[in-house]
Amino acid sequence: VDYYLKNIWPKKGLNRKPVFAWVTWDNAAGRGSITDKVKDYIRSKGVDIMPGDGEFFPAAPTEVSAQMLRLKEHNVDFTYGMLIFPTAVAILKGLDRMDMTDQIAIGVATPNPPTLIKQVGNLARNVYFSDYPLTKDLWASMAPNVLKMYEQYERQKIPEFMYGVGVGWALVATEAVRIAARQV
């Protein structure tokens with residue numbers, strides 16, 4: 001939300017509140033970020049949320065036109081969700097079929113951006129990733145703690161892609177346990 005409002009929304013030149021929607025899997029991973037606290041935060045930034053919170057997809061959708069049409073009807077400007085293949089590919093192609101690729105910024109928590117770009121090419125031009133960088137050459141500048149742990153614990157036998165993703169989830173899980181332990 002903060003990144004979008006600072007870097008993308010001003011370029012649209014629209015005289016109205018931006019509209020947000022979750023565009024995500026219809027499962028616990030996809031809906032995990034939809035909480036009252038998150039909704040309150042979004043609204044506190046002057047952003048409206050699409051009625052019903054957004055559009056939700058199975059892991060492998062084949063047709064997404066109805067969901068794309070609802071996003072268009074609600075003037076959705078940006079989204080966020082857990083989208084990995086083939087869901088993200090179907091959504092980006094659906095946006096393209098409806099000439100909406102440049103109308104909506106798609107925020108995703110998904111591994112391996114190069115693979116998505118390889119699959120959809122220029123249709124990924126308004127996709128913004130929020131995961132850890134997946135290759136070791138980017139860790140030093142973008143995720144130094146990941147590089148430190150990778151080297152300190154001699155994890156070189158683990159593929160960088162899997163390590164980058166796994167460390168992120170492990171750090172989230174560790175913090176969740178700490179929070180629960182403090183409360184209990």
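Residues numbered from 1 in each chain as written. Predicted model: local features only at pLDDT ≥ 70, side-chain atom pairs only at ≥ 80, totals over all residues. Heavy atoms only, no water.

Considering the side chain of Lys 39
Thinking step 1. Mapped onto the elements of the fold, Lys 39 is located in helix H3 (residues 36-44).
Thinking step 2. When neighbours within four sequence positions are excluded, Lys 39 is seen to be in contact with Trp 22, Ile 34, Ile 49 and Asp 53. (Helix = DSSP H or I, 4+ residues; strand = E, 2+ residues; numbered from the N terminus. Contact = heavy atoms within 4.5 Å.)

Focus: the pairing of strand S1 (residues 19-25)
Thinking step 1. With seven of seven residues buried, S1 lies mostly within the body of the structure.
Thinking step 2. Sheet topology places S1 next to strand S3 (residues 78-81); three bridges connect them, and they run parallel. Within S3, the residue paired with Trp 22 across the bridge is Tyr 80. (Buried < 20%, exposed > 50% of the residue type's maximum accessible area, 1.4 Å probe, protein only. Pairing = 2+ DSSP bridges.)

A look at the pairing of strand S4 (residues 105-108)
Thinking step 1. Taking every second residue as pointing to the same face, both faces of S4 are buried, with Ala 105 and Gly 107 on one and Ile 106 and Val 108 on the other.
Thinking step 2. Sheet topology note: the S3/S4 ladder contains four bridges and is parallel. Each residue of the ladder has a partner; that of Tyr 80, found in S4, is Gly 107.
Thinking step 3. Between the parallel elements S3 and S4, the chain passes through helix H5 (residues 87-97) in a crossover that is right-handed.
Thinking step 4. In terms of strand pairing, S4 meets strand S5 (residues 127-129) through three bridges, oriented parallel. Along S5, the bridge assignment pairs Gly 107 with Tyr 128. (Right-handed = clockwise from strand over helix to strand, strands pointing away.)

Remarks on the nonpolar core
Across soluble globular proteins, nonpolar side chains show a tendency to be buried alongside one another.
Thinking step 1. Counting residues in each nonpolar core, the largest one holds 25 residues, and the members touching the most others are Met 68, Leu 71, Leu 92, Leu 95 and Ile 106.
Thinking step 2. Sorting the residues of this core by element identifies S1, strand S2 (48-57), helix H4 (65-73), H5, S4 and helix H6 (113-120) as the ones contributing at least two each.
Thinking step 3. Among the elements that make up this core, the one with the highest residue count is H5 (six residues).
Thinking step 4. Apart from the residues within four sequence positions on either side, Ile 106 is in contact with Thr 79, Leu 83, Leu 92, Leu 95, Asn 126, Val 127 and Tyr 128. (Core = buried A, V, L, I, M, F, W, Y, C linked by side-chain atoms within 4.5 Å.)

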